[in-house]
Amino acid sequence: MEVSAFFIIFVPITKIMNYMKIDFDKIEKTIVPNFKGGEGRYIMKQFADDKVKIMLGKLEPGCSIGLHTHEMNCEIMYILSGQASYVYEGQEEIVNPGEVHYNPMDKQHTLLNRGSEDLVFFAVVAEHH
(Lines give C-alpha, C1' and ligand atoms only; values in the text may rest on other atoms or scores of the structure.)
Protein backbone atom coordinates (compact mmCIF):
# COMPACT_ATOMS: atom_id res chain seq x y z
CA MET A 1 0.00 0.00 0.00
CA GLU A 2 1.37 3.41 -0.96
CA VAL A 3 0.96 6.12 1.65
CA SER A 4 1.68 9.78 1.12
CA ALA A 5 1.57 12.62 3.59
CA PHE A 6 1.28 16.36 3.19
CA PHE A 7 2.42 18.61 6.01
CA ILE A 8 2.13 22.36 6.37
CA ILE A 9 4.41 24.07 8.85
CA PHE A 10 3.38 27.52 9.99
CA VAL A 11 6.26 29.73 11.04
CA PRO A 12 5.63 33.21 12.45
CA ILE A 13 7.28 35.74 10.15
CA THR A 14 6.22 39.01 11.70
CA LYS A 15 9.86 39.88 12.41
CA ILE A 16 10.81 39.29 8.76
CA MET A 17 8.09 41.20 6.92
CA ASN A 18 4.76 42.89 7.26
CA TYR A 19 1.73 40.88 6.28
CA MET A 20 0.04 42.16 3.18
CA LYS A 21 -2.64 41.23 0.74
CA ILE A 22 -2.20 41.64 -3.00
CA ASP A 23 -5.53 41.99 -4.80
CA PHE A 24 -4.92 41.59 -8.54
CA ASP A 25 -8.45 42.86 -9.22
CA LYS A 26 -7.27 46.27 -7.99
CA ILE A 27 -4.04 46.35 -10.02
CA GLU A 28 -4.13 47.89 -13.49
CA LYS A 29 -3.16 45.53 -16.26
CA THR A 30 -0.12 46.20 -18.40
CA ILE A 31 0.19 44.99 -21.98
CA VAL A 32 3.77 44.40 -23.08
CA PRO A 33 4.35 43.67 -26.78
CA ASN A 34 7.14 41.23 -27.66
CA PHE A 35 8.19 40.73 -24.01
CA LYS A 36 11.86 39.63 -23.82
CA GLY A 37 11.79 39.28 -27.63
CA GLY A 38 8.76 36.99 -27.68
CA GLU A 39 5.81 36.97 -30.07
CA GLY A 40 2.56 38.86 -29.56
CA ARG A 41 1.71 40.43 -26.24
CA TYR A 42 2.12 39.59 -22.58
CA ILE A 43 -0.80 40.82 -20.46
CA MET A 44 0.03 41.15 -16.77
CA LYS A 45 -0.84 42.61 -13.42
CA GLN A 46 2.22 43.05 -11.22
CA PHE A 47 3.25 43.92 -7.69
CA ALA A 48 6.95 44.69 -7.28
CA ASP A 49 9.32 45.94 -4.62
CA ASP A 50 13.12 45.71 -4.31
CA LYS A 51 13.02 42.00 -3.31
CA VAL A 52 10.32 40.35 -5.42
CA LYS A 53 7.99 40.63 -8.41
CA ILE A 54 4.61 38.92 -8.09
CA MET A 55 2.63 38.67 -11.31
CA LEU A 56 -0.64 37.40 -12.69
CA GLY A 57 0.12 36.85 -16.37
CA LYS A 58 -1.71 35.89 -19.53
CA LEU A 59 -0.50 34.85 -22.95
CA GLU A 60 -3.06 34.56 -25.72
CA PRO A 61 -2.77 31.67 -28.22
CA GLY A 62 0.35 32.04 -30.35
CA CYS A 63 2.04 34.48 -27.93
CA SER A 64 5.29 33.91 -26.10
CA ILE A 65 7.86 35.33 -23.69
CA GLY A 66 11.28 35.30 -25.34
CA LEU A 67 14.36 33.40 -24.25
CA HIS A 68 16.04 35.07 -21.26
CA THR A 69 18.39 34.29 -18.38
CA HIS A 70 17.60 34.94 -14.72
CA GLU A 71 21.00 36.30 -13.75
CA MET A 72 20.24 37.64 -10.25
CA ASN A 73 16.96 35.90 -9.46
CA CYS A 74 14.86 32.79 -9.93
CA GLU A 75 11.29 32.42 -11.20
CA ILE A 76 8.44 30.20 -10.09
CA MET A 77 5.40 29.95 -12.40
CA TYR A 78 2.17 28.21 -11.36
CA ILE A 79 -0.15 27.44 -14.27
CA LEU A 80 -3.78 28.37 -13.60
CA SER A 81 -5.30 27.58 -17.03
CA GLY A 82 -4.19 26.67 -20.51
CA GLN A 83 -1.09 24.68 -21.36
CA ALA A 84 2.41 26.13 -21.08
CA SER A 85 5.29 25.08 -23.32
CA TYR A 86 8.64 25.97 -21.78
CA VAL A 87 12.04 25.65 -23.35
CA TYR A 88 14.36 25.33 -20.36
CA GLU A 89 18.09 24.99 -20.95
CA GLY A 90 17.36 23.75 -24.50
CA GLN A 91 14.76 21.12 -23.50
CA GLU A 92 11.03 21.59 -24.08
CA GLU A 93 8.57 20.68 -21.33
CA ILE A 94 4.79 20.95 -21.10
CA VAL A 95 3.32 22.32 -17.86
CA ASN A 96 -0.42 21.96 -17.21
CA PRO A 97 -2.84 23.67 -14.81
CA GLY A 98 -1.93 22.88 -11.22
CA GLU A 99 1.72 22.31 -12.09
CA VAL A 100 4.74 24.56 -11.52
CA HIS A 101 7.70 25.55 -13.69
CA TYR A 102 10.81 26.59 -11.74
CA ASN A 103 13.72 28.44 -13.37
CA PRO A 104 16.74 28.70 -11.04
CA MET A 105 19.18 31.59 -11.01
CA ASP A 106 21.62 31.66 -13.96
CA LYS A 107 19.38 29.45 -16.13
CA GLN A 108 17.55 30.26 -19.38
CA HIS A 109 13.95 29.69 -20.32
CA THR A 110 11.21 30.82 -22.67
CA LEU A 111 7.44 30.40 -22.43
CA LEU A 112 5.12 29.70 -25.37
CA ASN A 113 1.37 29.35 -25.62
CA ARG A 114 0.92 26.81 -28.41
CA GLY A 115 -2.62 25.96 -27.30
CA SER A 116 -6.00 27.23 -28.48
CA GLU A 117 -6.97 28.96 -25.21
CA ASP A 118 -5.43 31.69 -23.06
CA LEU A 119 -2.52 30.63 -20.86
CA VAL A 120 -2.95 32.15 -17.39
CA PHE A 121 -0.28 31.82 -14.71
CA PHE A 122 0.91 33.19 -11.38
CA ALA A 123 4.62 34.02 -11.27
CA VAL A 124 7.08 35.03 -8.56
CA VAL A 125 10.55 36.38 -9.38
CA ALA A 126 12.63 36.41 -6.21
CA GLU A 127 15.84 38.45 -6.09
CA HIS A 128 19.06 36.87 -4.83
CA HIS A 129 21.18 39.82 -3.75
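Residues numbered from 1 in each chain as written. Predicted model: local features only at pLDDT ≥ 70, side-chain atom pairs only at ≥ 80, totals over all residues. Heavy atoms only, no water.

## Some thoughts on the overall build of the chain
Here's step 1: Each helix and strand counted, the chain has 0 helices and 10 strands in total.
Here's step 2: In sequence order, the chain lays out its α and β elements as β-β-β-β-β-β-β-β-β-β.
Here's step 3: In the chain, buried positions account for 32% of the 129 residues.
Here's step 4: Excluding contacts between residues fewer than 6 apart, the proportion of contacts in the chain whose partners are at least 24 apart in sequence is 60%. (Helix = DSSP H or I, 4+ residues; strand = E, 2+ residues; numbered from the N terminus. Buried < 20%, exposed > 50% of the residue type's maximum accessible area, 1.4 Å probe, protein only. Contact = heavy atoms within 4.5 Å.)

## Brief notes about the sheet that holds strand E1 (residues 30-33)
Here's step 1: Pairing is antiparallel in the open sheet, where 6 strands are placed in the order E1-E2-E3-E10-E5-E8. Each edge of the sheet is formed by a strand with only one pairing partner; in this case those strands are E1 and strand E8 (100-103). Between one strand axis and the next, the sheet turns by 25° as a mean value, whatever way the strands run.
Here's step 2: Alignment of strand E5 (residues 73-81) against strand E10 (residues 119-127), held across 8 bridges, turns out to be antiparallel. Looking across to E10, one finds that Met 77 is bridged to Ala 123. (Pairing = 2+ DSSP bridges. Axes fitted to C-alpha atoms, helices over the stretch in contact; angles between N-to-C directions.)

## Observations regarding a nonpolar patch on the surface
Here's step 1: Among the surface-exposed residues, Ile 76, Tyr 78, Leu 80, Val 100, Tyr 102 and Phe 122 lie close enough to one another that they form a single nonpolar patch of about 510 Å² accessible area.
Here's step 2: At the level of elements, E5 and E8 are the ones that each hand at least two residues to the nonpolar patch.
Here's step 3: When residues in the nonpolar patch are grouped by element, the largest group, 3 residues, is from E5.
Here's step 4: Mapped onto the elements, Leu 80 comes out in strand E5.
Here's step 5: Look at Leu 80 and you get partly exposed, because its relative accessible area is 41%. (Patch = residues over 30% accessible without salt bridge, like charges linked within 9 Å, V, L, I, M, F, W, Y side chains within 5 Å. Areas by Shrake-Rupley, 256 points an atom, 1.4 Å probe, with all protein chains shown as cover. Salt bridge = Lys/Arg side-chain N within 4 Å of Asp/Glu carboxyl O.)

## Some remarks on the confidence of the model for the chain
Here's step 1: Put simply, the chain has an average pLDDT of 87, and 84% of its residues get 70 or more.
Here's step 2: Per-element confidence in the chain ranges from a low mean pLDDT of 94 for E10 to a high of 97 for E1.
Here's step 3: Confidence over residues 1-18 falls short of pLDDT 50; this stretch has 2 contacts with residues more than four positions distant or in other chains. (pLDDT = per-residue confidence, 0-100.)

## So, the environment of Val 100
Here's step 1: With respect to the secondary-structure elements, Val 100 resides in strand E8.
Here's step 2: For Val 100, a relative accessible area of 47% translates into the label partly exposed.
Here's step 3: The sequence separation of Val 100 and Met 77 amounts to 23 residues, and the corresponding C-alpha distance is 5.5 Å.
Here's step 4: Apart from residues no more than four positions distant in its own chain, Val 100 is found in contact with Ile 76, Met 77, Tyr 78 and Val 95.

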